[in-house]
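A closer look at the structure
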Amino acid sequence: MPTEHFNIFHGNNGQGKTNLLESIFLLSTMKSFKITKSTDLVRWGACQGYLKGWVERDGVTREISILLDNQGKKIKIDQKSVTRVDDFFGHLNVVIFTPEEINMVKGLPEQRRKYLDRAIFSTDITYLSLYHGYSKVLKNRNVLLKNGEKSGFDIWTEKLIEYGGKLILSRINYIELLRDLLSRFYQEIAGNEETVDISYKPHLMNPVTSKDNVAYALKEALTKTAREEERRGTTLAGPHRDDVEFILNGRSLKQFGSQGEQKSYVLALKMAETEYMKRKFGSQPIFLLDDISSELDHERKGNLMDFLKKRDMQVFVTTTSLQNIAVTEIEDYRTYRIEAGKVLH
């Protein structure tokens, strides 16, 4: 039985520590933070996988179970089948912090989009259906482009503009809500008056200045790239190609920020995400921390631990060694050793 505060899982690499965090994340979101296809979550050689957990919130305990097979996911809450997404979400809220996210500042735009989509999805259940709707439209439009087919192409373009415009707006709105929190936590970490910002960068589109001109800007971008799209057989404008810019003192963090500044920025971003989720749902989320000792130095690890200790939240941490975490500075914690996929006390 995990403690209500710090739960620290340690063991050598490849023993299953991250799988434990992935299971908690899956019970919260129905998605993995590592793997795209649900079938890849099933043990090699098995025809299905089964996951069950119990969540206590506001004095009420719920049993959540997920059955994974070739047909998808079958979800139950308190042993009753769940068919609507709305009935699933809200029972377990989590924030995940992984080593890969530390590197997203200098990484590809896809990494930053993935972070943003996951953060929004964790606080807005409608975002997932919107994202899947856009992905389906994009796939169908790309098939027509690749095959040089004109029939129905305009219809799919209209749908792309409709779904894409809404997706872009959701991303912009979330960034706006996060901006002040990001600035506050970065100054706490850095201990100076440096200013930080975050900006959404639509690909090949004119700047989006208002909600009214998003669809127009996307339509205009698709019109301008029409010939090149036909030549290359793929959609060149839309939220699947957009980016997020991290800014420090008015300049690109990716180009001008030091490694330490980049790590502090991502750390502040996760703190802001946690605080926003707490305000959104009225209670602290569970914080999942995956082997972050490999990327954060002593000072930044201390900043993160201080942030978590000040909040009445449950934390699950994985590490290769307990020496990476100053457990003596934590009042309420429990340690577990992971070997060959098994949790040992």
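Scope of this entry: the structure provided in the associated data block. (Residues numbered from 1 in each chain as written. Predicted model: local features only at pLDDT ≥ 70, side-chain atom pairs only at ≥ 80, totals over all residues. Heavy atoms only, no water.)

**Considering the overall build of the chain**
In plain terms, the rule: Numbered from the N terminus, helices here are DSSP runs of H or I no shorter than four residues, and strands are runs of E no shorter than two. Radius of gyration here uses only the C-alpha atoms, and the compact-globule reference equals 2.2 Å multiplied by the residue count raised to the power 0.38. Burial classes follow relative accessibility: with a 1.4 Å probe on protein chains only, a residue under 20% of its type's maximum area counts as buried, one over 50% as exposed, and anything between as partly exposed. Note that accessible areas follow from Shrake-Rupley with a 1.4 Å probe, and for residues the cover is restricted to the protein chains shown. A residue counts as positive if it is Lys or Arg and as negative if it is Asp or Glu; His and the chain ends are not included. A charged residue contributes its charge at one atom only: NZ of Lys, CZ of Arg, CG of Asp or CD of Glu.
In terms of helices and strands, the chain carries 11 helices and 13 strands. For the chain, whose C-alpha radius of gyration is 22 Å, the value lies close to the compact-globule estimate of 20 Å for 345 residues. In terms of its C-alpha atoms, the chain occupies a principal-axis envelope of roughly 65 × 55 × 35 Å. Out of the 345 residues in the chain, the part that is buried amounts to 48%. For the chain, the computed accessible surface area is about 18,300 Å², with 47% contributed by carbon and sulfur atoms. Put simply, the chain has 51 plus and 47 minus side-chain charges, and the middle of one group is 5 Å from the middle of the other.

**Section: a negative patch on the surface**
Put simply, the test is: Two distance rules govern patches: like charges are joined within 9 Å, and nonpolar side chains (Val, Leu, Ile, Met, Phe, Trp, Tyr) within 5 Å, applied only to residues with over 30% relative accessible area and no salt bridge. A carboxyl oxygen of Asp or Glu within 4 Å of a side-chain nitrogen of Lys or Arg is what we treat as a salt bridge.
A cluster of like negative charges, contributed by Glu4, Glu56, Asp312, Glu331 and Asp332, occupies part of the molecular surface. With respect to the helices and strands, aspartate 312 occurs in the loop between helix H11 (298-309) and strand E11 (315-319). Under the relative-accessibility criterion, aspartate 312 is labelled exposed at 62%.

**Concerning the environment of valine 214**
On the secondary structure map, valine 214 appears in helix H7 (residues 214-224). In the structure, valine 214 is positioned 75 residues away from leucine 289 in sequence and 36 Å away in space, judged by C-alpha atoms.

**With respect to unusual backbone geometry**
The phi torsion at aspartate 78 lies on the positive side, around 55 degrees, for a residue other than glycine. Structurally, aspartate 78 can be placed in the loop between strand E4 (72-77) and strand E5 (80-82). Of note in this structure, leucine 204 is not a glycine but carries a positive phi near 60 degrees. Structurally, the position occupied by leucine 204 is in the loop between strand E7 (196-201) and H7. Overall, the relative accessible area of 49% leaves leucine 204 in the partly exposed class.

**Overview of the sheet that holds E11**
For clarity, the cut-off: Note on pairing: two strands pair once DSSP finds at least 2 bridges between them. Axis lines are fitted to C-alpha atoms, over the contacting stretch for helices. Their N-to-C directions set the angle, which ranges from 0 to 180 degrees.
With mixed pairing, six strands are arranged side by side in an open sheet as E6-E10-E11-E1-E12-E13. Edge positions in the sheet fall to strand E6 (94-97) and strand E13 (342-344), since each of these pairs with one other strand and no more. Direction aside, the axes of adjacent strands within the sheet are offset by 20 degrees on average. Of the strand pairs in this sheet, E6 and strand E10 (residues 286-290) are connected by four bridges, and their pairing is parallel.

**Describing the sheet that holds strand E3 (residues 60-69)**
One open sheet accounts for four strands, arranged E2-E3-E4-E5; its pairing is antiparallel. Looking at which strands have only one partner, the edges of the open sheet turn out to be strand E2 (49-57) and E5. The sheet shows a mean angle of 30 degrees between the axes of neighbouring strands, direction not considered. Bridge count between E4 and E5: three bridges; the pairing is antiparallel. Its bridge partner lying in E5, isoleucine 77 is registered against lysine 80.

**Structural notes on the layout of surface pockets**
We apply this condition: Any residue with an atom within 4 Å of a point lines the site, the site being either a cavity, points on a 1 Å grid over the protein atoms alone where a 1.4 Å probe fits but cannot get out, or a pocket, an open set with protein on both sides within 12 Å along at least 5 of 7 lines. Grid points are joined across faces, edges and corners, and a volume is the space filled by probe spheres set on the points.
In this structure, the largest pocket spans a volume of roughly 1,900 Å³. Leu20, Ile24, Leu27, Gly53 and Phe316 are the residues nearest the centre of the largest pocket, which is lined by 49 residues in total. At the level of elements, helix H1 (17-29), E2, E3 and strand E12 (333-339) are the ones that each hand at least two residues to the lining of the largest pocket. Counting residues per element, the lining of the largest pocket draws most heavily on E2, at nine residues.

**Section: the pattern of salt bridges**
Applying the stated criterion across every chain, the model contains 20 salt bridges. The salt bridge involving lysine 74 is made with aspartate 69; its shortest N-O contact spans 3.0 Å. Measuring nitrogen to oxygen at the nearest pair gives 2.6 Å for the salt bridge that ties glutamate 101 to arginine 118. Note that glutamate 101 is positioned in helix H3 (residues 99-102) and arginine 118 in helix H4 (residues 109-121), a separation of 17 residues in sequence. Here the residues in one salt-bridge network are Glu101, Arg118, Lys270 and Glu273, joined through shared partners.

**Digging into H1**
The periodicity of an α-helix, 3.6 residues per turn, causes residues three or four positions apart to be oriented the same way. Which entries qualify depends on this criterion: Take the number of residues in a helix, subtract one, and multiply by 1.5 Å to get its expected span.
For H1, spanning 13 residues, the distance from its first C-alpha to its last is 19 Å, which sits close to the expected 18 Å at 1.5 Å a residue. Here H1 lies mainly inside the structure; 10 of its 13 residues are buried. Turning to H1, its buried residues are Lys17, Thr18, Leu21, Glu22, Ile24, Phe25, Leu26, Leu27, Ser28 and Thr29. Directly after H1, the chain includes methionine 30, whose backbone phi takes a positive value near 70 degrees.

**A few points about the packing of helix H5 (residues 126-147) against helix H6 (residues 153-190)**
Under the convention used in this document: Handedness of each helix crossing follows the sense of rotation of the near helix against the far helix: counterclockwise by less than a right angle gives left-handed, clockwise gives right-handed. Pairs of residues are marked as contacts when any of their non-hydrogen atoms sit within 4.5 Å. For this classification, the nonpolar set comprises Ala, Val, Leu, Ile, Met, Phe, Trp, Tyr, Cys and Pro, the charged set comprises Asp, Glu, Lys and Arg, and every other residue, Gly included, is treated as polar.
H6 packs onto H5 with a crossing angle of 145 degrees between their chain directions and a minimal axis gap of 9 Å. Relative to H6, H5 is oriented so that their crossing is left-handed. On H6, the residues touching Tyr127, Leu130, Tyr131, Gly133, Tyr134, Val137, Leu138, Asn140, Arg141, Leu144 and Leu145 of H5 are Phe153, Trp156, Thr157, Lys159, Leu160, Tyr163, Gly164, Lys166, Leu167, Ser170 and Arg171. Considering only residue class, the contact of H5 with H6 consists of 13 nonpolar, five polar and four charged.

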